[in-house]
Amino acid sequence: MNDPSTRPVSVEIDNKNQQLEIEWADGHRSTFPLFGLRKNCPCVNCRGSHSEMGKYEMQLFFVDPPQRFEILKAEAVGNHALKIHWSDGHNSGMYRWDLLRSICPQIYQMKEGE
Ligand SMILES: [Zn+2]
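Residues numbered from 1 in each chain as written. Predicted model: local features only at pLDDT ≥ 70, side-chain atom pairs only at ≥ 80, totals over all residues. Heavy atoms only, no water.

Draft legend 1. Structural detail: the environment of Thr-6. Summarising the element assignment, Thr-6 is placed in the segment before β1 (8-14). Sequence separation of Thr-6 and Arg-101 is 95 residues, and the distance between their C-alpha atoms is 6.1 Å. (Helix = DSSP H or I, 4+ residues; strand = E, 2+ residues; numbered from the N terminus.)

Draft legend 2. Just the sheet that holds strand β6 (residues 94-96), in detail. Strand order in the open sheet formed by 3 strands is β4-β5-β6, with antiparallel pairing between adjacent strands. Two strands lie at the open edges of the sheet, namely β4 (71-77) and β6, each paired on one side alone. Across the sheet, the axes of successive neighbouring strands diverge by a mean angle of 30 degrees, strand direction being ignored. Direction of pairing for β4 relative to strand β5 (residues 81-86): antiparallel, over a ladder of 6 bridges. Its bridge partner lying in β5, Ile-71 is registered against Trp-86. (Pairing = 2+ DSSP bridges. Axes fitted to C-alpha atoms, helices over the stretch in contact; angles between N-to-C directions.)

Draft legend 3. Inspection of the packing of aromatic side chains at higher detail. Tallied over the entire structure, the rule returns 4 aromatic pairs. Here the aromatic rings of Phe-69 and Trp-86 are separated by 6.1 Å at their centres, their planes lie at 75 degrees, and the arrangement is edge-to-face. Of this pair, Phe-69 sits in the loop between α2 (44-47) and β4 while Trp-86 sits in strand β5, placing them 17 residues apart in sequence. Accessibility classification places Phe-69 together with Trp-86 in one group, the buried group. (Phe/Tyr/Trp six-rings, centres within 6.5 Å; stacked < 30°, edge-to-face > 60°. Buried < 20%, exposed > 50% of the residue type's maximum accessible area, 1.4 Å probe, protein only.)

Draft legend 4. Region of the structure containing the nonpolar core. Counting 23 residues, the largest nonpolar core has Leu-20, Phe-32, Leu-37, Ile-84, Trp-86, Tyr-95 and Leu-100 as its most contacted members. Elements with a contribution of two residues or more to this core: β2 (19-24), α1 (34-39), β5 and α3 (97-102). Setting aside its immediate chain neighbours within four residues, Trp-86 contacts Leu-34, Leu-37, Arg-38, Phe-69, Glu-70, Ile-71, Leu-72 and Tyr-95. (Core = buried A, V, L, I, M, F, W, Y, C linked by side-chain atoms within 4.5 Å. Contact = heavy atoms within 4.5 Å.)

Draft legend 5. A look at the pattern of salt bridges. The full count for this structure, using the stated rule, is 5 salt bridges. Between Glu-23 and Arg-29 there is a salt bridge whose closest N-O contact spans 3.1 Å. Taking relative accessible area as the criterion, Glu-23 reaches 24% and is therefore assigned partly exposed. Owing to a relative accessible area of 39%, Arg-29 belongs among the partly exposed residues under this scheme. (Salt bridge = Lys/Arg side-chain N within 4 Å of Asp/Glu carboxyl O.)

It is worth stressing that arrangement in space is one thing and function is another; only the former is reported here.
As structure tokens, this is what we get:
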């Protein structure tokens, strides 16, 4: 886990603006809309089966959110994941850092725009 691109240096929760921002050790910043994060919760309940875990639906980060979500608390799990406590009571999703980095909406948008 020495890859700076998947090592977070800060996590900022902004419920007012409905986003979560991660700053990575390589200097990149990723801003995730909360709706997309909540809808992409990687836990077994939300994914349906283990084979769906780790798959993210990128389009959920770009919708006009029909629903607001708030984060009560986010905490690191070991050094590999972020556990998010949502205001709707859901808290079993472990968002792995490498997955979060790989679905960074800013990088995805850049790729789409090529
Ligand atoms: Zn879930």
